[in-house]
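Notes for the structure review
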Amino acid sequence: MKLLALETSCDETAFAILEDGERVLANLVASQEELHRRYGGIVPELASRKHMELILPLAYETLEKAGTLLTQIEAVAVTNGPGLIGSLVIGVSFAKALSFAQKIPLLAVDHINAHFLAAFLEEKKPPFPFLALVVSGGHTALFLVEDYLKFYLLGQTRDDAAGEAFDKVAKLLGLGYPGGRIISRLAEKGDPQSIPLPRPLLDKENFDFSFSGLKTAVVNFVKGLKKKGLPIPVHDLCASFEAAVVEVLVTKTLKALSVTRVQDLVIAGGVAANKRLRKEFQEAAQKMGFRLFLPRPEFCTDNAAMVGVAGYQKWLRGEFAGLDLDVYARSQFPRYK
Ligand SMILES: Nc1ncnc2c1ncn2[C@@H]1O[C@H](COP(=O)(O)OP(=O)(O)OP(=O)(O)O)[C@@H](O)[C@H]1O
Ligand SMILES: [Mg+2]
């Protein structure tokens, strides 16, 4: 069964073709990084216009890469939220048109659900139930996942997402956009213990996160140095900031594993591409004996292959969307009790 998946929730236009929900025949991502860089963040109106420009040529390119004819595509899966409304509308309208013209089912996918299902694109697949930590540009959340499309929220960020904090700190230091990858590269040459930074909500008895206080601590540290006319130790600051984010994510997640007594952990979302995060979780898994499922970095950042995994599960269940399918900016996930 061949399925075409697309993703336009943010600033990546992405298409993939999957066979039987797991074999990736093509996976293409057109990033808009260049376009938004000079603004130091995503400009929603520019993002949707760019999606319009890229969507059709990228669809053709994906079919060609996969050696597939449009007539061989049996269903179309699309992200309809959460994300930027204008960007989502472009992808969803495209998918509706394709579904209508080709008379194939339309499958609506939640972007966060798709992020953790990226783990199924790897050879070693997680067994249910598992815990999923989604760390991305807009989300930092822990889920108990009972089945592909059935999952419960244990906790999430109360303010900034981890990726957002990376991006804001990078902007503050004038390092460029998007910040995660840049900070993580500079951090490699710094001492993660050199600058004391807070670990927000670390000892609270819940699974919520907060990263805006950490960002403010970085702001104050930089202000203090500037006032004294001292240089900013960029490498050390990046390393210390990254270490603080990673420590909070690891500690909270380990606590959730122990409380739920779940043995399998999936980590996904753009920040899951972070080397320090991957290394610390790998070490913890070895030490504590849980199994870790880390999708390769290109399946962590936004892509359509992960949307295809979720879409395929909807197709199997006959959960088809109608042409009245709407988009949404935020997800409401059921709570873990
Ligand atoms: N190596 C890295 N280290 C830390 N952060 C990273 C790294 N690579 C990417 N990121 C961060 O990941 C985020 C992008 O991830 P992703 O594409 O999943 O997010 P998004 O789609 O914008 O948000 P969401 O999935 O919540 O809608 C950015 O904030 C970016 O800075
Ligand atoms: Mg994302």
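Since the model is a prediction, treat every value here as computed from it, not as a measurement.

Within the chain one finds eleven helices and ten strands. Radius of gyration (C-alpha) of the chain: 20 Å, near the 20 Å computed for a compact globule of 337 residues. For the C-alpha atoms alone, the extent of the chain along its principal axes is close to 65 × 45 × 30 Å. Out of the 337 residues in the chain, the part that is buried amounts to 55%. Counted over contacts in the chain with a minimum sequence separation of 6, partners at least 24 positions apart contribute 73%. Placing the 40 positive and 38 negative side-chain charges of the chain at their respective mean positions leaves the two points 5 Å apart.

For the rest of this paragraph, the subject is helix H5 (residues 162-172). The α-helix winds at 3.6 residues per turn, so residues separated by three or four positions along the chain end up facing the same way. Residues of H5 that are buried include every one of Ala-162, Gly-163, Ala-165, Phe-166, Val-169 and Ala-170, and no others. Angularly, the buried residues of H5 cover 160° about the axis, an arc narrow enough to put them on a single face. One or two positions beyond H5, positive phi appears at Gly-174, with a value near 65°.

Scanning the entire structure with this criterion turns up 15 aromatic pairs. When the ring of Phe-116 is compared with that of Phe-151, the centres are 5.0 Å apart and the planes differ by 80°; the resulting orientation is edge-to-face. Within this pair, whereas Phe-116 is found in helix H4 (residues 111-117), its partner Phe-151 is found in strand S8 (residues 150-156), the two being separated by 35 residues in sequence. Among the residues examined, Phe-151 registers a relative accessible area of 9% and is labelled buried. Pairing Tyr-312 with Trp-315 gives two aromatic rings, centres 5.8 Å apart and planes at 20°, and the pair type is stacked. Remark: Trp-315 and Tyr-312 occur in helix H11 (residues 305-316); sequence separation between them is three residues, near one turn of the helix. Above the plane of the ring of Phe-293 lies Lys-124, whose end atom (NZ or CZ) is 4.9 Å from the centre.

Let's shift gears to the side chain of Asp-302. Along the chain, the position of Asp-302 falls in the loop between helix H10 (297-300) and H11. Buried Asp-302, no salt bridge; nearest opposite-charge side chain is Arg-181, N-O distance 11 Å. Of the polar contacts made by the side chain of Asp-302, one reaches the side chain of His-111; its length is 3.0 Å. At 3.1 Å, the side chain of Asp-302 and the side chain of His-115 are in polar contact.

Phe-211, Phe-241, Leu-249 and Ile-267 are the most contacted members of the largest nonpolar core, which has 51 residues in total. Those elements that provide at least two residues to this core are strand S6 (130-135), strand S7 (140-147), H5, helix H6 (179-187), helix H7 (212-227), helix H8 (234-260), strand S9 (264-268) and helix H9 (275-288). Take this core: its biggest share by element is 13 residues, from H8. Within the second largest apolar cluster, 39 residues are counted, among which are Leu-3, Leu-121, Phe-299 and Met-306.

So, about unusual backbone geometry. Residue Pro-82 is bonded to the preceding Gly-81 through a cis peptide linkage, with omega at -10°. The topology assignment puts Pro-82 in the loop between strand S4 (75-81) and helix H3 (85-102). Looking along the chain, the bond that leaves Phe-128 and enters Pro-129 is cis, with omega of -5°. Here Pro-129 shows up in the loop between H4 and S6. Located in the positive-phi region is Lys-103, a residue other than glycine, with phi close to 55°. For Lys-103, the position within the fold is in the loop between H3 and strand S5 (106-110). Of note, Arg-261 is a non-glycine position whose phi angle comes to about 55°, a positive value. Among the secondary structure elements, Arg-261 is positioned in the loop between H8 and S9.

Our focus in this paragraph is the domain arrangement of the chain. Under the domain assignment, the chain is made up of domain 1 (2-116 + 300-316) and domain 2 (124-294). Taking the mean C-alpha position of each, domain 1 and domain 2 sit 27 Å from one another. At the junction of the two partners, domain 1 supplies 19 residues and domain 2 supplies 22 residues. Counting the surface lost from both domain 1 and domain 2, the interface buries some 1700 Å², and carbon and sulfur atoms represent 70% of this. Our enumeration of links across domain 1 and domain 2 arrives at one salt bridge.

On to the coordination of the magnesium ion (ligand 2). Only His-111 (NE2), His-115 (NE2) and Asp-302 (OD) from the protein coordinate the magnesium ion (ligand 2), and they sit 2.0 to 2.2 Å from it. In terms of primary sequence, the donors binding the magnesium ion (ligand 2) are separated according to H-x3-H-x186-D. Of the two residues, His-111 and His-115 both sit in helix H4, four residues apart, roughly one turn of that helix. No difference in accessibility class separates His-111 from His-115, as the two residues are buried.

Here we take up the packing of H5 against H7. Each packed pair of helices is defined by two parameters, the angle between the axes and the distance between the axes. For the pair H5 and H7, interaxial distance at closest approach is 10 Å and the crossing angle is 10°. When the axis of H5 is compared with that of H7, the two are roughly parallel. In the crossing of H5 with H7, the sense of the turn from one axis to the other is right-handed. On H7, the residues that touch Lys-168, Val-169 and Leu-172 of H5 are Lys-215, Val-218, Val-219 and Val-222. Counted by class, the contact of H5 with H7 contains five nonpolar, no polar and two charged residues.

What counts, and at which threshold
Residues numbered from 1 in each chain as written. Chains lettered and ligands numbered in written order. Predicted model: local features only at pLDDT ≥ 70, side-chain atom pairs only at ≥ 80, totals over all residues. Heavy atoms only, no water. Helix = DSSP H or I, 4+ residues; strand = E, 2+ residues; numbered from the N terminus. Rg over C-alpha atoms; globule rule 2.2 N^0.38 Å. Buried < 20%, exposed > 50% of the residue type's maximum accessible area, 1.4 Å probe, protein only. Contact = heavy atoms within 4.5 Å. Lys, Arg positive; Asp, Glu negative; His and termini not counted. Charge placed at Lys NZ, Arg CZ, Asp CG, Glu CD. Arc of directions from axis to C-beta. Phe/Tyr/Trp six-rings, centres within 6.5 Å; stacked < 30°, edge-to-face > 60°. Lys NZ or Arg CZ within 6 Å of the ring centre and 35° of its normal. Salt bridge = Lys/Arg side-chain N within 4 Å of Asp/Glu carboxyl O. Polar contact = N/O pair within 3.5 Å; in protein donor to acceptor, adjacent residues only side chain to side chain. Core = buried A, V, L, I, M, F, W, Y, C linked by side-chain atoms within 4.5 Å. Domains from an automatic or database assignment. Buried area = accessible area lost by both parts, 1.4 Å probe. Donors = N, O, S within 2.8 Å, 3.2 Å for Na, K, Ca; no water. Axes fitted to C-alpha atoms, helices over the stretch in contact; angles between N-to-C directions. Parallel < 35°, antiparallel > 145°, perpendicular 65-115°, else oblique. Left-handed = near helix turned anticlockwise from the far one by under 90°. Nonpolar A, V, L, I, M, F, W, Y, C, P; charged D, E, K, R; others polar.

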